[in-house]
Amino acid sequence: MIHCRVAGLGRYVPEHILTNADLERMVETSDQWIIDRTGIEERHIAAPGETTSTLALAAARVALERAAIDAAELDLIIAATTTPDGLFPSVASLVQDGLGASRAGAFDVNAACMGFVSALATGTQFIGAGSARRILVIGAEVLSRIVNWQDRGTCVLFGDGAGALVLEAAEFGGPLGFVLRSDGARRDQLFASGLCGARDAEGNGPLDCYIQMDGPAIFKFAVQAMTEALRETLSGARLGPDEIDLLVPHQANLRIIQGVAKALGLRPEQAMVNIQKYGNTSSASIPMALCEAAEQGRLREGARVALCGFGGGLAWGAMLLEWSTSGIPPAASTSGGRMTASRAGG
Ligand code: UT7
């Protein structure tokens, strides 16, 4: 089995910040309501010239620089997004060109807010199979382009951003297991079904191009689905919730994160939360939070890091990683059959 390490992480958000006070001037809402029901205080919004690929490229450059890896050394680029620049080329191909990653293959993954976990699981499998040694995995979105800014039920939730990481084959670390699930029969609960290219002079598109959802139904589902996916992933690795060093959940709603943490009996410091600054950035939320956790020194060598997400599809899942940046096994945590046995799963 070939293991993998995260050699570098990067993130990027557009400069413009939209606060709850700004939203109070746009729709009938209040700062207090948004904070109480979601935990969100502000979000970043892409400028007219910015697209998902420009955000992705900025995050990717930081990740590569921190990994001290040249773009020409990349074998593959996988970008998770629901808001690509166009139907094709893929965002991954645009990033490949922007970086000058001359040897890399490139493709996008769309699993709505579950996109990054799906892309990362794919990347680890490429490395585990020996098909690639260095992979750039990105989550990037300009959700502001598919938000109906007149709908207070959705517009207060979403923001734009990008996160990226470089996966590299290593002697130690990588996935301890993952669970990917979908129930397409629940497609009407969260969707944006139209093609968003057609807009009038005011920038308004047809209604079906916007994100539409049944908020309370998704809320209930999210807590239950992510809790179950995490339990299943942990049990495959023969670990308990108390053995998670850091949970990095999709940042959709603070109360959803707290609901999952409570159901699993996690301590507050076990969960990474940054939703207050960025809102829900779909595919970008987990890599952005992971990157921020690394910057805060919360991802030590050998740490067990759990990711979980849910979103349109419906699609949901979880992943457990043994964190490795150096690729050198730490003395204390490589012994025992538990890790070896669980790596076969997923
Ligand atoms: O990545 C996945 C994307 N989707 C999600 O994660 C959505 C998950 N769901 C949620 O996060 C929550 O359901 C929301 C934040 C969307 C809504 O919170 P809620 O506590 O479920 O509120 P609700 O929809 O049950 O609405 C409660 C009240 C309603 O008024 P009435 O009927 O009680 O008079 C709404 O009309 O709050 C009203 N409301 C608002 N009020 C002020 C809904 N949106 C707003 C708003 N400002 N922005």
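Quick note: structure is the one above.
Everything numeric here is computed off the predicted structure, so don't read it as measured data.

**Q** So what exactly am I meant to see when it comes to helix 10 (residues 285-295) here?
**A** An α-helical segment advances 3.6 residues per turn. Residues three or four places apart therefore align on the same side. When you tally the buried positions in helix 10, you get 9 out of 11 residues, the bulk of the element. Along helix 10, the residues classified as buried are S285, I286, P287, M288, A289, L290, C291, E292 and A293. Of the residues flanking the end of helix 10, it is G297, one or two places downstream, whose phi is positive at about 75 degrees.

**Q** Teacher, can you tell me more about a negative patch on the surface here?
**A** On the surface, E24, D31, D36 and E41 cluster together into a negatively charged patch. With respect to the element layout, D36 can be found in helix 2 (residues 31-38). Taking relative accessible area as the criterion, D36 reaches 48% and is therefore assigned partly exposed.

**Q** For this particular structure, what's the right way to read the side chain of N148?
**A** Tracing the backbone through its elements, the reader meets N148 in the loop between strand 6 (134-142) and helix 6 (152-155). Accessibility expressed as a relative area gives 16% for N148, which makes it buried. At a separation of 3.0 Å, a polar atom in the side chain of N148 contacts the main-chain amide nitrogen of Q150.

**Q** Mind showing me how you'd approach the site of the ligand here?
**A** Neighbouring the ligand are 21 residues; T29, R37, R152, N253 and N280 lie closest to it. Separating a nitrogen atom of the ligand from a backbone N or O atom of R152 is a distance of 2.9 Å. One nitrogen or oxygen atom from the side chain of N253 is found 2.8 Å from an oxygen atom belonging to the ligand. Computed on the free molecule, the ligand has an accessible area of 960 Å², of which 71% lies beneath the protein chains in the complex. Residue assignment for the shell around the ligand shows that the elements contributing at least two residues are helix 2, helix 6 and helix 7 (215-236). The biggest single contributor to the shell around the ligand is helix 7, with 4 residues. Taken together, the residues of the shell around the ligand break down into 10 nonpolar, 7 polar and 4 charged.

**Q** In this structure, what is going on with the environment of A294? I would like to understand it.
**A** Summarising the element assignment, A294 is placed in helix 10. Judged by relative accessible area, which is 32%, A294 ranks as partly exposed. In this structure, the C-alpha to C-alpha distance between A294 and L9, residues 285 residues apart in sequence, is 7.8 Å. Residue contacts for A294: discarding those within four places in its chain leaves L9 and L299.

**Q** Would you explain the sheet that holds strand 11 (residues 246-249) in this entry?
**A** Remark on secondary structure: sheet strands pair via backbone hydrogen bonds, oriented parallel or antiparallel. Read from one edge to the other, the open sheet built from 4 strands follows the order 8-13-12-11, with strand pairing classed as mixed. Strands at the two margins of the open sheet, each flanked by one partner only, are strand 8 (174-182) and strand 11. For this sheet, the mean angle separating the axes of adjacent strands, direction not counted, is 10 degrees. Two elements, strand 12 (residues 304-311) and strand 13 (residues 315-322), share 8 bridges in a ladder whose sense is antiparallel. For L307, the partnering residue across the bridge sits in strand 13 and is M319. Lying on the sheet, helix 5 (residues 115-128) is in contact with strand 8, strand 12 and strand 13; it crosses strand 8 at an angle near 135 degrees. Sheet strands touched by helix 7: strand 8, strand 11, strand 12 and strand 13. Its angle to strand 13, the strand with the most contacts, is close to 35 degrees.

**Q** Sorry, what's going on with helix 4 (residues 91-99) here?
**A** Turning to helix 4, its buried residues number three or more, namely V91, A92, V95 and L99. Each buried residue of helix 4 sits inside an arc of 100 degrees when the element is viewed along its axis, so together they form one side. Those residues of helix 4 that are buried are in contact with helix 3 (52-67), strand 4 (76-80), strand 5 (105-109) and strand 6.

**Q** Is there a simple way to think about the packing of aromatic side chains in this case?
**A** For any two aromatic rings, the description comes down to two numbers: the centre-to-centre distance and the angle of the planes. If you walk through the whole model with that rule in mind, you get 2 aromatic pairs. Both rings, one in F107 and one in F126, keep their centres 6.5 Å apart while their planes meet at 40 degrees; by these two values the pair is tilted. You can see F107 sitting in strand 5 and its partner F126 sitting in helix 5, a full 19 residues away along the chain. Among the residues examined, F107 registers a relative accessible area of 29% and is labelled partly exposed. You can call F126 partly exposed: its relative accessible area is 29%. With a centroid separation of 5.0 Å and an interplanar angle of 85 degrees, the aromatic rings of F221 and W316 are classed as edge-to-face. With a gap of 95 residues between them, F221 in helix 7 and W316 in strand 13 connect regions that are remote in the sequence. Like W316, F221 is buried.

Calculation notes
Residues numbered from 1 in each chain as written. Predicted model: local features only at pLDDT ≥ 70, side-chain atom pairs only at ≥ 80, totals over all residues. Heavy atoms only, no water. Buried < 20%, exposed > 50% of the residue type's maximum accessible area, 1.4 Å probe, protein only. Helix = DSSP H or I, 4+ residues; strand = E, 2+ residues; numbered from the N terminus. Patch = residues over 30% accessible without salt bridge, like charges linked within 9 Å, V, L, I, M, F, W, Y side chains within 5 Å. Areas by Shrake-Rupley, 256 points an atom, 1.4 Å probe, with all protein chains shown as cover. Salt bridge = Lys/Arg side-chain N within 4 Å of Asp/Glu carboxyl O. Lys, Arg positive; Asp, Glu negative; His and termini not counted. Charge placed at Lys NZ, Arg CZ, Asp CG, Glu CD. Polar contact = N/O pair within 3.5 Å; in protein donor to acceptor, adjacent residues only side chain to side chain. Near = heavy atom within 4 Å. Nonpolar A, V, L, I, M, F, W, Y, C, P; charged D, E, K, R; others polar. Contact = heavy atoms within 4.5 Å. Pairing = 2+ DSSP bridges. Axes fitted to C-alpha atoms, helices over the stretch in contact; angles between N-to-C directions. Arc of directions from axis to C-beta. Phe/Tyr/Trp six-rings, centres within 6.5 Å; stacked < 30°, edge-to-face > 60°.

Worth remembering: the numbers are spatial, not functional.
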